[in-house]
Amino acid sequence: MRWSRAGRAATMESMTVEVSNPVATASCWSCGEMRVSQFCHACGKVQQPLPVDYFTFFSLPQKLEVDVGRLERAFYELSRKLHPDVYARGDAREQEWSLQQSSLLNDAYRTLKDPIKRTEYVLRLEGVELEEQSKTATDRARSTGEIKKQVVPPDLLEEVFDLNMQLEELRAQKKLGEDDPALVEEIGRQKLELEEKHGALVEQLKARWKEWDKAVDSGSEEDRRKVRDGMIDLLNRRNYIRNLVRDVNEVLEN
Amino acid sequence: MAYSDKVLDHYSNPRNVGSLDKSSQEVGTGLVGAPECGDVMKLQIKVNPQTNIIEDAKFKTFGCGSAIASSSLATEWVKGKTVDEALQIKNTEIVKELSLPPVKIHCSVLAEDAIRAAIHDWKKKQDVSKPATVEAR
Ligand code: FES
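All values derive from a computational prediction rather than experimental measurement.

Participant: What should I look at first to understand the overall build of chain B in this one?
Facilitator: Per the secondary structure count, chain B includes five helices and three strands. The order of helices and strands in chain B, counted from the N terminus, is α-β-β-β-α-α-α-α. Computed over the C-alpha atoms, the radius of gyration of chain B is 15 Å, within 12% of the 14 Å expected from 2.2 N^0.38 for a compact globule of 137 residues. In terms of overall dimensions, chain B has a C-alpha envelope of 50 × 25 × 25 Å along the principal axes.

Participant: Looking at this structure, how should I read the sheet that holds strand β3 (residues 54-62) of chain B?
Facilitator: As summarised here, the arrangement of the three strands in space is β1-β2-β3 (chain B), forming an open sheet in which the pairing is antiparallel. On the outer flanks of this sheet lie β1 (27-34) and β3 of chain B, each paired with one strand and no other. In this sheet, adjacent strand axes meet at a mean angle of 15° when their direction is disregarded. Pairing geometry for β1 of chain B and strand β2 (residues 39-47) of chain B, over eight bridges, is antiparallel. Bridge assignment links G28 of chain B to a residue of β2 of chain B, and that residue is I45 of chain B. Packing against the sheet, helix α7 (residues 154-176) of chain A makes contact with β1, β2 and β3 of chain B, and its axis sits at approximately 75° to β3 of chain B. Contacting β2 and β3 of chain B, helix α2 (residues 65-78) of chain B crosses the sheet at an angle of about 175° to β3 of chain B.

Participant: Got a minute to help me understand the interface of chain A and chain B in this structure?
Facilitator: Frequently, the measure chosen for interface size is the accessible area that the parts lose on association. With 23 residues of chain A at the contact, the number on the chain B side is 23 residues. Buried area between chain A and chain B, both sides added, is near 2,100 Å², and the carbon and sulfur share of it is 61%. Of the charged contacts in the structure, one is a salt bridge between K22 of chain B and E158 of chain A, with a shortest N-O distance of 3.6 Å. Counting across the chain A and chain B interface gives two residue pairs in polar contact (both at pLDDT 80 or more). Those elements that provide at least two residues to the side of chain A that touches chain B are α6 (130-144), α7 and α9 (221-253) of chain A.

Participant: Any chance you could explain the nonpolar core here in plain terms?
Facilitator: General note: in soluble globular proteins, nonpolar side chains tend to be found buried as a group. Within the largest apolar cluster, 54 residues are counted, with the highest numbers of intra-cluster contacts made by F58, L112 and M231 of chain A. Element by element, the count of residues in this core is highest for α9 of chain A, at eleven residues. Split by domain, the residues of this core number at least three in each of domain 1 (5-113) and domain 2 (144-253) of chain A. In terms of nonpolar packing, the next biggest core, distinct from the first, is built from 31 residues, M41, I94, L98 and I119 of chain B among them.

Participant: What is the right way to look at the pairing of β1 of chain B in this model?
Facilitator: Within a regular beta strand, the side chains point alternately toward one face of the sheet and then the other, so they alternate between its two faces. A large share of β1 of chain B lies buried, amounting to eight of its eight residues. Between the antiparallel neighbours β1 of chain B and β2 of chain B lie four residues, among them G38 of chain B with a positive phi of about 85°.

Participant: Even after reading the chapter, I still don't get the environment of E186 of chain A, so can you show me in this structure?
Facilitator: Residue and element names in this part refer to chain A. Residue placement: E186 occurs in helix α8 (residues 181-218). A relative accessible area of 25% means that E186 is categorised as partly exposed. Each C-alpha atom, one on E186 and one on Q166, is 9.1 Å from the other, the two residues being 20 residues apart in sequence. Polar side-chain contacts of E186 include one of 3.0 Å to the side chain of R189. Separated by 2.8 Å, the side chains of E186 and Q190 make a polar contact.

What counts as what
- Residues numbered from 1 in each chain as written.
- Chains lettered and ligands numbered in written order.
- Predicted model: local features only at pLDDT ≥ 70, side-chain atom pairs only at ≥ 80, totals over all residues.
- Heavy atoms only, no water.
- Helix = DSSP H or I, 4+ residues; strand = E, 2+ residues; numbered from the N terminus.
- Rg over C-alpha atoms; globule rule 2.2 N^0.38 Å.
- Pairing = 2+ DSSP bridges.
- Axes fitted to C-alpha atoms, helices over the stretch in contact; angles between N-to-C directions.
- Contact = heavy atoms within 4.5 Å.
- Buried area = accessible area lost by both parts, 1.4 Å probe.
- Salt bridge = Lys/Arg side-chain N within 4 Å of Asp/Glu carboxyl O.
- Polar contact = N/O pair within 3.5 Å; in protein donor to acceptor, adjacent residues only side chain to side chain.
- Core = buried A, V, L, I, M, F, W, Y, C linked by side-chain atoms within 4.5 Å.
- Buried < 20%, exposed > 50% of the residue type's maximum accessible area, 1.4 Å probe, protein only.
- Domains from an automatic or database assignment.

Structure follows, in structure tokens:
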């Protein structure tokens, strides 16, 4: 896409603008036309970042199933156009804004490209803070006197606990310099199992994307809640397993 | 991050580490986890069936220093209490006692959850074994 930098540069000269103070608006600072996220679509000038979500930033629909090819192309094109070199001679505002846009671009791309981060991001847009889940459940359990529904399922907890016991043993053995090969092998085997489980969870999560997008389209609050809770559950399990695999690797490698 | 002296004390000198016989009628076991960090905590209580007083408590925690300190403290606190008294223990009290910073609050939540889960497990055992005498005495 080509765009002209001439625009109405002349009007800028008469304005004394501080780089950080103007409020970003939906119209171009330079020519007043409607802008898209990064550039004015009429005069092409770079704009101060709008507080938009990452999907809007890329002009993508707010869906979990993302056309990754399209995302990638958009990323590379924008990276090129926002490159600091392009603005080396621009005015101070353009330099500042292109920098801000670039860093936003990188955050947005990194988040949307990664299946887990993308899902967590969409949940966050929904107001779900994964970190808060556990605390909220405890408050609920306390006030109702009921047993708290563990965010992590009991069978997984058992497994995590037992594996941790074995890891502890192996750590102790290693300290003495006499690790039991049978234990090492056993832990290695469990690690493989965990990695498989991890992969399966990610697949299950991806399978939910379509359902989520459909629920959003249909506007059914109930479907939405159901899919959302399912995704939270899967993400929690996945995080758990990921941490465990990390610990196992640490012990095995040392 | 700097741990408070009390955390360090429990961490380097944890009270009541170990386990109780899971299958015993008098023992309740709580196994809980924090998805935020992947830590797990097991807390067990041994209850006198006549008095409902928690006579012994053990824990084993795989987790951060705050989680270890929280569970260590929790076992100290529940001992000598009746199960109903122990149910009153709140994570905020643990936070206060150990001066935990906000990022470590979930570690204390874990300890409260573990107490509740252990008591719940114990109560379940009592219901099953002698359904008619739950409120004995
Ligand atoms: S960081 Fe996980 S329990 Fe403390």
